[in-house]
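Fold and geometry: a report
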Amino acid sequence: MVSPAIALAFLPFIVTLLIRYRHYLLLLYRAVLVAWLRDRLTGTSREQRAFQYVLAHAIPGDPHHILQTFDQWCYHCEHLSCVGPDKGRIVERVLLERAPLRVLELGTYCGYGTVLLAQGLPPGARLYTIEGDPRHAAVAEKVELIVGPSEEVIPHLREKHGLMNANLVFMDHWKRCYLRDLRLLESHQLLAEGATILADNVLFPGAPHFLQYAKTCGKYHCKVHRASLEYFRAIPDGIAELRYTGAR
Ligand SMILES: C[S@@+](CC[C@H](N)C(=O)[O-])C[C@H]1O[C@@H](n2cnc3c(N)ncnc32)[C@H](O)[C@@H]1O
């Protein structure tokens, strides 16, 4: 049994921790606990609940309204790990600057990033999106949706899906896969000269090995756009923008 005196001595420390990490605790509460409880109570997944909300409230065929409706759901109902509006503006700006013709997204999830990318593409552009979880794969139309783990799909993108190389890659799947998949794209010559790679969440949850490689390997110009975590303004995050300068 811990004596009350010892417990009391730790109280200021615990309170300091709680105050300091309150935003992360709130994220844990909303993203894990609330979702788990609602899954149990409704018998549906949070992705299905989000889709039902979007279907009921978004104007069909209006990509901006579809994204806004997703945002409303995520701010007011439940958390989803979509790229979100703040970092979405960075993606939109890069799309406008680069006007890429062949875009590859890693991690489709509910299709938020896919809609964001698709609505910003120039005429004639093609978007490929890879999703490992078949439950999240019921999204695409104007895009080529490829179901499977990125490490198995990437090596066959050229001969099975006709993607010669990509001018823009949006990485937003599991952060631990970023470095491995960037190297896979390099080794299969799937990055066009001057291609842009955008990688979400490089500061939170973070992709330190990926960032270190991008900054030191000599194949990329790399900058990190600081922003906040999707739907949590108090948690710092960032999108990395890499410009491929060619194989060495
Ligand atoms: C953060 S979500 C993607 C969010 C999406 N880009 C958006 O903005 O709406 C990550 C998704 O990547 C998928 N994923 C994770 N690792 C993967 C892999 N190695 N291959 C394919 N999909 C993967 C997960 O199933 C999940 O649906």
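Per an unreviewed UniProt entry, the protein chain is named catechol O-methyltransferase, and its organism is Ficedula albicollis. The UniProt entry for the protein chain carries the following comment under Subcellular location (unreviewed entry): "Endoplasmic reticulum".

**Describing the pairing of strand β2 (residues 126-131)**
Extensive coverage of β2 is indicated by the burial of five of its six residues. With helix α6 (residues 112-119) bridging strand β1 (residues 102-106) and the parallel β2, this β-α-β connection has right-handed handedness. As paired elements, β2 and strand β3 (residues 144-147) share four bridges and run parallel to each other. By the bridge assignment, threonine 129 is partnered in β3 with leucine 145.

**Brief notes about the UniProt feature "transmembrane region" (unreviewed entry) in the protein chain**
In the numbering used here, UniProt assigns the feature "transmembrane region" (unreviewed entry) to residues 6-29. Secondary structure content for residues 6-29 is 96% helix and 0% strand, while the C-alpha to C-alpha distance between its ends is 28 Å.

**Some words on the state of the cysteines**
In protein chemistry, a disulfide is the covalent bond that joins the sulfur atoms of two cysteines. The tally for this structure, following the rule as stated, stands at zero disulfides. The thiol of cysteine 217 is unpaired, and the distance to the nearest cysteine sulfur, on cysteine 222, comes to 9.2 Å. For cysteine 217, a relative accessible area of 22% corresponds to the partly exposed category.

**Things to note about the sheet that holds β2**
Sheet architecture is open: seven strands sit in the order β3-β2-β1-β4-β5-β7-β6, paired in mixed fashion. The outermost strands of the open sheet, each flanked by one partner alone, are β3 and β6 (220-229). Direction aside, neighbouring strands of the sheet carry axes that sit 15° apart on average. In this sheet, strand β4 (residues 166-171) lies alongside β1 in parallel orientation, the contact comprising four bridges. Bridge pairing in β4 links glutamate 105 to phenylalanine 170.

**Focus: the site of the ligand**
Neighbouring the ligand are 22 residues; Gly107, Glu131, Gly132, Ser150 and Asp172 lie closest to it. A distance of 2.9 Å separates an oxygen atom of the ligand from a polar backbone atom of valine 83. Glutamate 105 places a polar side-chain atom, nitrogen or oxygen, 3.2 Å from a nitrogen atom of the ligand. Considered on its own, the ligand offers 600 Å² of accessible surface; in the complex 94% of this is hidden by protein. More than half of the atoms belonging to the ligand lie within 2 Å of the grid points that define the largest pocket. Elements supplying a minimum of two residues to the shell around the ligand: α6 and α7 (150-153). Across the shell around the ligand, the residue classes break down as seven nonpolar, nine polar and six charged.

Thresholds applied
- Residues numbered from 1 in each chain as written.
- Predicted model: local features only at pLDDT ≥ 70, side-chain atom pairs only at ≥ 80, totals over all residues.
- Heavy atoms only, no water.
- UniProt positions renumbered as here; feature names shortened; annotations may be inferred.
- Buried < 20%, exposed > 50% of the residue type's maximum accessible area, 1.4 Å probe, protein only.
- Helix = DSSP H or I, 4+ residues; strand = E, 2+ residues; numbered from the N terminus.
- Right-handed = clockwise from strand over helix to strand, strands pointing away.
- Pairing = 2+ DSSP bridges.
- Disulfide = S-S within 2.5 Å.
- Axes fitted to C-alpha atoms, helices over the stretch in contact; angles between N-to-C directions.
- Near = heavy atom within 4 Å.
- Polar contact = N/O pair within 3.5 Å; in protein donor to acceptor, adjacent residues only side chain to side chain.
- Areas by Shrake-Rupley, 256 points an atom, 1.4 Å probe, with all protein chains shown as cover.
- 1 Å grid on protein atoms, 1.4 Å probe; cavity = no way out; pocket = protein on both sides within 12 Å on 5 of 7 lines; lining within 4 Å.
- Sits in = over half its atoms within 2 Å of the grid points.
- Nonpolar A, V, L, I, M, F, W, Y, C, P; charged D, E, K, R; others polar.

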